[in-house]
Amino acid sequence: MNNPFWKVLIADDEPVIREGIRDSVNWSSLQMEVKAEAEDGEEALELALEHSIDILLADLNMPIMNGIALIKQIREKLPQCKIVIITGHDEFTYAQEAVRLNVTDYILKPADPNQLKQVLEGVRLELEKTVKQDQYLEMATNQISKNLSMLREQFCRDWIEGRLEITDIQKQLQFLELPLRSPKVIAVLQCPEYFANKPLMKEKEKQMFMFSIENIVSELLDPYNKVIFHDETGLIIIILWDCVPDEIFKRIEKVIQEFLKMTINMYVELVEGELGEVSVVYRQCKELMKKESTISPIVRRARHYIETHYTEPTITLELVAKTLQVSPVYLSRMIKQELGMSFVSLVTNMKMKKAIQLLNSTDLPIVEIAEQVGYDTQHYFSTAFKKVMGVSPIKYRKNSGEVKWDNSY
């Protein structure tokens, strides 16, 4: 409190009682000050609110508004106020009801100075205790606010590793001011080739690069609800509570390539279940990342080239092989061996993935989608789409994307 004195209101319809209470105590020695006196409940309520009193001494039998009604109003409007009731021996039933309203103490009429002082000292101790608790709570809240980002990261680490029960997840989401629902997307990011090619890089320098990557990711995902952190193996994890266009993830890869001169591997998976599904999706991403680490640089480069050129009708195995300066036969064999599919299937899958995204998120005509994913005609596109998905693009859109497919490659 800025004011070192606790503000007191005495409410009793008998002037002699009010006077007796006021004059029998050295208020300043108790760090208290009588701010006002009232002779009925209505006046007491008005003065209590006007002065924001800390202590109310209230008679239970008062005109207009009795003590019980007054206490109920004070409890609602000044919840921190300590209440001491003034009661007679013949008002025991009233006093019992007041106790149920959580009054701090009582004094008997006529007020005995020693009893009154003892009661008020107890009230002061309670008020001081409340202030200390509020201060500690404020300090704790400030500390949590300062460390909110770190606490969120640690919570998400425990969450993806499956170390938390559903009830714990729900509580911590609320406590850490995160959306109280399952996230939409989990992305896992790694840059193995860069660090593998720099075995003598100091740990501090490596951390600086990781920090730079996280900054780029955070900036490009700025409008979205997210947490970005490292897992226990050093992978960068992104948990997103919003749907994010594929273009954003492509932009992340491009910016990291341009500014940090490193190529990253990124897996982005939808979370389609409840809160407990998060750890399952994370494990799937890690498995894909592990599988990725066995892929040779030539296949990785080929796939990257296809990802940036698959919409061009002229893309062929021969063109990609020539760009990478290897023979088409060798490249075809390596893609089949490491990715489990042919060059044509790989290109088709990339086209289909983009087509599905456009069918789900836009109202573009089928003919335009066909053009955007690199097909000369709508008929050719529809035939290819049906072969992969089992239904035509029109039927897929009509069914709101209920048909699922394996898009891992």
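The structure presented is a predicted model; accordingly, all values stated were derived computationally and were not measured.

Each value, and the rule that gives it
Residues numbered from 1 in each chain as written. Predicted model: local features only at pLDDT ≥ 70, side-chain atom pairs only at ≥ 80, totals over all residues. Heavy atoms only, no water. UniProt positions renumbered as here; feature names shortened; annotations may be inferred. Helix = DSSP H or I, 4+ residues; strand = E, 2+ residues; numbered from the N terminus. Buried < 20%, exposed > 50% of the residue type's maximum accessible area, 1.4 Å probe, protein only. Phe/Tyr/Trp six-rings, centres within 6.5 Å; stacked < 30°, edge-to-face > 60°. Lys NZ or Arg CZ within 6 Å of the ring centre and 35° of its normal. Core = buried A, V, L, I, M, F, W, Y, C linked by side-chain atoms within 4.5 Å. Contact = heavy atoms within 4.5 Å.

Our next topic: the UniProt feature "modified residue: 4-aspartylphosphate" (unreviewed entry) in the protein chain. When the UniProt feature table is mapped to this numbering, "modified residue: 4-aspartylphosphate" (unreviewed entry) covers Asp59. Within the element layout of this structure, Asp59 appears in strand β3 (residues 55-59). Looking at Asp59, the relative accessible area reads 0%, which means it is buried.

So, on to the packing of aromatic side chains. Evaluated as defined, the whole model comprises six aromatic pairs. Between Trp159 and Trp241, the aromatic rings sit 6.3 Å apart at their centres with planes inclined by 35 degrees, giving tilted as the arrangement. Remark: Trp241 occurs in the loop between β8 (236-240) and α10 (246-260) and Trp159 occurs in helix α6 (residues 148-160); sequence separation between them is 82 residues. On the basis of relative accessibility, which here comes to 2%, the residue Trp159 falls in the buried class. Taking relative accessible area as the criterion, Trp241 reaches 1% and is therefore assigned buried. Here the aromatic cluster, defined as three or more aromatic residues joined through ring pairs, consists of Tyr375, Tyr380, Phe381, Phe385 and Tyr396. If you follow Lys351 out to its NZ or CZ, it ends over the ring of Tyr375, 5.0 Å from the centre.

Across soluble globular proteins, you tend to see nonpolar side chains buried next to one another. Counting 27 residues, the largest nonpolar core has Phe155, Trp159, Leu173, Ile186, Ile237 and Ile239 as the members making the most contacts within it. Going through the elements one at a time, α6, α7 (166-175), β6 (185-190), β7 (226-230), β8 and α11 (277-293) are the ones with two or more residues in this core. Of all the elements, α11 adds the most residues to this core, at six residues. If we ignore the near neighbours within four places in the chain, the residues touching Trp159 are Leu164, Ile169, Leu173, Pro183, Trp241, Leu275, Val278 and Ser279.

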